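# An overview of the molecular structure
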Amino acid sequence: MDFKQIQELIKMINKSNIGEVSIEEKGFKLTIKQKEEPVQQIITAPMSAQPVAALAPAPVAAAPAPVAAATPEKPARPAEPAASNAVTIKSPMIGTFYRSPSPDKPSFVNVGDEVEPGKVVCIIEAMKLFNEIESEVKGRIIKVLVEDASPVEYDQPLFQVEPA
Amino acid sequence: MFKKVLIANRGEIALRVIRTCREMGIKTVAVYSTADKESLHVRFADEAVCIGKPASFDSYLNIPHIMAAAEITNADAIHPGYGFLAENARFAEICGEHEIKFIGPTPAMINAMGDKITAKETMIKSGVPVVPGGEGLLESLDEAKGLAREIGYPIILKATAGGGGKGMRVVWEESEMERAYNTAKAEAGAAFKNDGVYMEKFVEEPRHIEIQIAGDQYGRVCHLSERDCSIQRRHQKLVEESPSPFMTAELRERMGAAAIKAASAINYESVGTIEFLVDKHRNFYFMEMNTRIQVEHCVTEEVTNFDLIKEQIKIASGQAISGMNYEPQGHAIECRINAEDPYNDFRPSPGRITVLHQPGGHGIRVDSHAYAGYTIPPYYDSMIAKIIAVARTREEAINTMHRALSEYVIEGVKTTIPFHLQLMKDERFRSGDFNTKFLEGFKMA
């Protein structure tokens, strides 16, 4: 093993969850240990059917991700905004977005509400037809991204949900 | 005049319509699929609405999505461009039902010309020459011989269920008829399980010459002369020009009159094109009518000095046309630049354009939605640009085109620029002596 290879190995281990590595070759032995234990725990969201939206025009709300004891180590994942496990509900059609079934009724959902697949989160109206839009994910609404009675286009982010 | 026009299309034609609307003070709405997010027409329009996934079916052909986009933006007219829904009578009808003006003809006009058999019958009734032929299938060899005598040799036998040249036989004289008739029927029966054949006059060395027309809502129709579109590969036009090198003043008058008759027969409103086949004796025959603006409309614009999109919008808003016909002044040629590899059977070459330098200078017009850094999506057609050269004479126009093509730099994808460069130097092309078969014998050097 040359110096460059050892450097690369150290970088690799630093980024991983591995606590210690030992390598033994003819006339050569190498042990690499992480500085502190246990390694930082990152809770990753289970893969949901909804693709994670990286681009929301509204600022991304920080999801309360449980961070273990502060270590000088860099986080083991590639750099992403802290709330990247949030899932976005996007508009499947073009029309006008309404938060409630009618002006005098309360909103379908508000920030903090729990949703699950099949729960109606809003109405999108097009050409006099009212379409109830259902959530495809299970979780909690953390942000409403569109104002009531405003036009929305295909794939436009509507709600941010922290998956359960 | 309309306040806001939604363009139900993409690429260069969407940009084309946006440009004219800007000049007319009309607000524009672009619609786009998720694959076209970075497209130029999206950036240039006043508003843009994403209407679906990349596949045309989910976006540019999706009528409910397009109508919803028109609704939320309050567009009062829709320009369909060419292709996609431009000749979809149902779409035109739905626009009418929503009180949004479809910038084009009425659903009835689209239907009248959309069905080839009906169109031909309408033309015959109006006295427009069509490819002479029999009505219906041939019942016997004797009937075939009799009909051929009437039409005049050469004739072509065609399989009614056919395609791809199967069941087709050209017959030059009566002595060949029996064998041709029998083998055509046998071939058709074997290939399509239907041995029905019909007969048409065989148009020798046909040229594809089309006449641009315009009609208003008040019954007035005019023509803006011809475009020669004989340079075709697999029935796709690659080069168009006006005037046609084969045209004479007398032929233009006859074809122009026939085109006006054809359009008037259905009370045509908007711009449109009548396509004719012209044989070497300068007999012309109606082929079909395109009830929309065409890709090559720029050629006519450059020799008549009219903005055809503007005329189309004016007609749609109820303005009358003068009724005058227009002849070409000078000469214009258009080359379609596609993202295809001419050295590999014109295989499509989508991808990211890394370097782009468009030609300029006197007599050059480029209509394109491409830019350096643009990724050509694989879901739609491969045309990246139209380059048009205008000059006083045909020879000068060809030389200007060659000069411009030699400075046209597109890197990152393969393009048909090398093909056009070679064509502009081709002796036969330069002589003007070509027909629709020309490219069959053309090989890339």
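Residues numbered from 1 in each chain as written. Chains lettered and ligands numbered in written order. Predicted model: local features only at pLDDT ≥ 70, side-chain atom pairs only at ≥ 80, totals over all residues. Heavy atoms only, no water.

Attention now goes to the overall build of chain B. Summing up its helical and strand segments, chain B has 14 helices and 22 strands in all. For chain B, whose C-alpha radius of gyration is 23 Å, the value lies close to the compact-globule estimate of 22 Å for 445 residues. Taking the principal axes of the C-alpha coordinates as reference, chain B spans close to 65 × 55 × 45 Å. Within chain B, contacts between residues separated by at least 24 positions form 66% of all contacts whose residues are at least 6 apart in sequence. A total accessible area of about 18500 Å² is found for chain B, and carbon and sulfur atoms account for 48% of it. Averaging the locations of the 52 positively and 61 negatively charged side chains of chain B gives two centres separated by 3 Å. (Helix = DSSP H or I, 4+ residues; strand = E, 2+ residues; numbered from the N terminus. Rg over C-alpha atoms; globule rule 2.2 N^0.38 Å. Contact = heavy atoms within 4.5 Å. Areas by Shrake-Rupley, 256 points an atom, 1.4 Å probe, with all protein chains shown as cover. Lys, Arg positive; Asp, Glu negative; His and termini not counted. Charge placed at Lys NZ, Arg CZ, Asp CG, Glu CD.)

Residue and element names in this part refer to chain A. Of the residues in chain A, 70% have a pLDDT of 70 or more, and the chain-wide mean is 75. Predicted confidence in chain A is weakest over helix H1 (residues 3-15), with a mean pLDDT of 81, and strongest over strand E4 (residues 95-98), with 97. Across residues 37-82 the pLDDT falls below 50, and counting only partners more than four positions away or on other chains, this stretch makes 51 contacts in the model. (pLDDT = per-residue confidence, 0-100.)

This part covers the sheet that holds strand E4 (residues 77-79) of chain B. Residue and element names in this part refer to chain B. Here five strands make up an open sheet; going across it, the order is E3-E2-E1-E4-E5 and the pairing parallel. Bordering the open sheet on either side are strand E3 (47-52) and strand E5 (101-102), each of which pairs with just one other strand. For strand E1 (residues 4-7) and strand E2 (residues 27-33), the ladder comprises four bridges, and the chain directions are parallel. Paired with Ile7 across the two strands is Ala30, which belongs to E2. (Pairing = 2+ DSSP bridges.)

Quick look at the interface of chain A and chain B now. Each side of the interface is counted separately: chain A has 14 residues, and chain B has 17 residues. Overall, the association of chain A and chain B removes approximately 1100 Å² of surface from exposure, summing both partners, and the carbon and sulfur fraction of that is 65%. It is Ile94, Met127 and Tyr154 of chain A in chain A that bury the most area against chain B; as a group they hold 60% of the surface buried on that side. Taken together, the links from chain A to chain B amount to zero salt bridges. Mapped onto the side of chain A that touches chain B, the elements with two or more residues apiece are E4, strand E6 (120-126) and strand E9 (150-152) of chain A. Looking at the side of chain A that touches chain B residue by residue, the class counts come to eight nonpolar, two polar and four charged. (Buried area = accessible area lost by both parts, 1.4 Å probe. Salt bridge = Lys/Arg side-chain N within 4 Å of Asp/Glu carboxyl O. Nonpolar A, V, L, I, M, F, W, Y, C, P; charged D, E, K, R; others polar.)

A few words now on the pairing of strand E11 (residues 236-242) of chain B. All names here are of chain B. Counting buried positions along E11 gives six out of seven residues, so the element sits mostly inside the fold. Where strand E10 (residues 221-233) and E11 come together, four bridges link them in antiparallel fashion. The residue of E11 that forms the bridge with Arg233 is Gln236. Linking two consecutive strands that pair antiparallel, namely E10 and E11, is a turn of two residues; a positive phi of about 50° is found at Arg234 within it. Of the strand pairs in this sheet, E11 and strand E14 (residues 331-338) are connected by four bridges, and their pairing is antiparallel. Bridge pairing in E14 links Glu241 to Ile333. (Buried < 20%, exposed > 50% of the residue type's maximum accessible area, 1.4 Å probe, protein only.)

When charged atoms on two side chains of opposite charge get close, those side chains can pair. All names here are of chain B. Per the stated rule, a full pass over the model turns up 36 salt bridges over all chains. When the shortest N-O distance is used, the salt bridge between Glu93 and Arg90 registers 3.5 Å. Of this pair, Glu93 and Arg90 both sit in helix H4 (residues 89-97), separated by three residues, roughly a single helical turn. By relative accessible area, Glu93 is classed as partly exposed at 38%. A salt bridge links Lys237 to Glu210, with the shortest nitrogen-to-oxygen separation between them at 2.9 Å. Taken together, the residues Lys237 in strand E11 and Glu210 in strand E9 (residues 207-215) connect sequence positions 27 residues apart.

By size, the foremost hydrophobic cluster in this structure holds 50 residues, and its most contacted members are Phe159 of chain A together with Leu6, Ile78 and Phe91 of chain B. Mapped onto this core, the elements with two or more residues apiece are strand E3 (87-90), E6, strand E8 (139-144) and strand E10 (157-163) of chain A together with E2, E3, helix H3 (63-73) and H4 of chain B. A per-element tally of this core places H3 of chain B first, with seven residues. Excluding anything up to four places from it in sequence, Phe91 of chain B contacts Ile63, Ile66, Met67, Ile78, Leu85 and Phe102 of chain B. (Core = buried A, V, L, I, M, F, W, Y, C linked by side-chain atoms within 4.5 Å.)

Here the residue pair Tyr153 of chain B and Pro154 of chain B is connected by a cis peptide bond, since its omega of 0° sits within 30 degrees of zero. Position of Pro154 of chain B relative to the elements: it lies in the loop between helix H7 (141-151) and strand E6 (155-159). The amide bond that connects Ser242 of chain B to the next residue, Pro243 of chain B, takes the cis arrangement and shows omega of -5°. By the secondary structure assignment, Pro243 of chain B is in the loop between E11 and helix H9 (249-265). At Lys128 of chain A, a position not held by glycine, the phi torsion is positive, near 70°. Mapping Lys128 of chain A onto the fold places it in the loop between E6 and strand E7 (129-134). With a phi close to 105°, Ser270 of chain B is a non-glycine residue in the positive phi region. The exposure class assigned to Ser270 of chain B is buried, which follows from its relative accessible area of 2%.

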